[in-house]
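Results of the structural survey
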Amino acid sequence: MDTLIVFSSRYGTSEKVAALLSERLKGDGAIRVQNIVEQPDIDWETVDHVIVGSSIRMGAIQQEMKEWLKEHEANLLARPLGLYLCAGTPTESERRRELEEAYNEQLRTHAYFVEVVGHGYDFERMGFLDKAIVRMMAKQSGSSLDLDEEKLERLVKTAQTSSRTRSENP
Ligand SMILES: Cc1cc2nc3c(=O)[nH]c(=O)nc-3n(C[C@H](O)[C@H](O)[C@H](O)COP(=O)(O)O)c2cc1C
């Protein structure tokens, strides 16, 4: 059961989550992590299970990820699918709205996991404008990483259960 974790990330949080998941997922198959902005092509023949991660900036995910999701939708719907998002909004209703904006209804209905798993701010990598936005909107003045361990654990657990069920009943 080979797993592919794909992500898009502006300042590295979604990438850190992808790396974390690849360390924590245990199974008999290979686990690969791929940045779809740098490398959008996928050899779907080699993928049995897929996790997609992206992040929100000013209410939306990266344009490259939007296009990638459209192009690969049929392949995503044909495999066990986990969907995560990194987003800084503190309210549950806004997190739900951002998830709905990021991943369409078909993908969300098909997926075994659809959650915001936390957020991070990397002031070393952010430009002047983005730092100003974060200072103003998130009241943050330095780098931070705030991941939801309970949700990450749930993602790992359900990923393993979903992929096992699938390989037993292909
Ligand atoms: C300029 C800027 C705008 C942001 N806008 C939003 C937003 O509209 N909603 C939200 O929930 N989070 C917002 N965030 C928080 C990011 O989603 C969060 O920092 C996330 O971890 C970034 O992930 P990445 O480093 O993988 O891109 C914003 C962050 C920055 C830097």
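Look above for the structure.
Residues numbered from 1 in each chain as written. Predicted model: local features only at pLDDT ≥ 70, side-chain atom pairs only at ≥ 80, totals over all residues. Heavy atoms only, no water.

What follows covers the side chain of Ser55. Mapped onto the secondary structure, Ser55 falls in strand β3 (residues 49-55). The buried category is assigned to Ser55, whose relative accessible area is 11%. A polar atom in the side chain of Ser55 sits 3.1 Å from the side chain of Gln62. (Helix = DSSP H or I, 4+ residues; strand = E, 2+ residues; numbered from the N terminus. Buried < 20%, exposed > 50% of the residue type's maximum accessible area, 1.4 Å probe, protein only. Polar contact = N/O pair within 3.5 Å; in protein donor to acceptor, adjacent residues only side chain to side chain.)

On to the layout of surface pockets. Its boundaries defined by the atoms lining it, the largest pocket holds a volume of some 600 Å³. Taken together, 27 residues form the lining of the largest pocket, with Ile56, Arg57, Met58, Gly88 and Tyr121 sitting closest to its centre. Counting residues per element, the ones that place at least two in the lining of the largest pocket are α1 (13-24), α4 (92-102), β5 (113-121) and α6 (128-137). Per-element accounting of the lining of the largest pocket gives the leading share, four residues, to α6. Classifying every residue of the lining of the largest pocket gives twelve nonpolar, ten polar and five charged. (1 Å grid on protein atoms, 1.4 Å probe; cavity = no way out; pocket = protein on both sides within 12 Å on 5 of 7 lines; lining within 4 Å. Points joined across faces, edges and corners; volume = space filled by probe spheres on them. Nonpolar A, V, L, I, M, F, W, Y, C, P; charged D, E, K, R; others polar.)

In this section: the pairing of strand β4 (residues 81-86). As a general feature of sheets, a regular strand has side chains that alternate between the two faces. Burial analysis of β4 places six of its six residues in the buried class, which makes it a mostly covered element. Of the two faces of β4, the one holding Leu81, Leu83 and Leu85 and the one holding Gly82, Tyr84 and Cys86 are both buried throughout. In this structure, β4 lies alongside β5, joined through five bridges in parallel fashion. Across the sheet, Cys86 pairs through a bridge with Gly118, a residue of β5. (Pairing = 2+ DSSP bridges.)

What follows is about α6. All buried positions along α6 are accounted for by Asp130, Ile133 and Val134. Take α6 and look down its axis: the buried residues cluster within an arc of 95°, on one side only. Away from its buried face by more than 90 degrees, α6 exposes Phe128 and Met136. Of the surrounding elements, those touching the buried residues of α6 are β5. (Arc of directions from axis to C-beta. Contact = heavy atoms within 4.5 Å.)

With that settled, the discussion passes to the site of the ligand. Residues in close proximity to the ligand total 22 residues, the closest being Ser9, Arg10, Ser55, Ile56 and Gly120. Between the ligand and Arg10 there is a distance of 2.8 Å, counted from an oxygen atom to a backbone nitrogen or oxygen. A distance of 2.9 Å separates a nitrogen atom of the ligand from a polar backbone atom of Met58. Burial of the ligand by the protein chains amounts to 93% of its free accessible area of 640 Å². More than half of the atoms of the ligand fall within 2 Å of the grid points belonging to the largest pocket. Residue assignment for the shell around the ligand shows that the elements contributing at least two residues are α1, β5 and α6. For the shell around the ligand, the residue count by class is eight nonpolar, ten polar and four charged. (Near = heavy atom within 4 Å. Areas by Shrake-Rupley, 256 points an atom, 1.4 Å probe, with all protein chains shown as cover. Sits in = over half its atoms within 2 Å of the grid points.)

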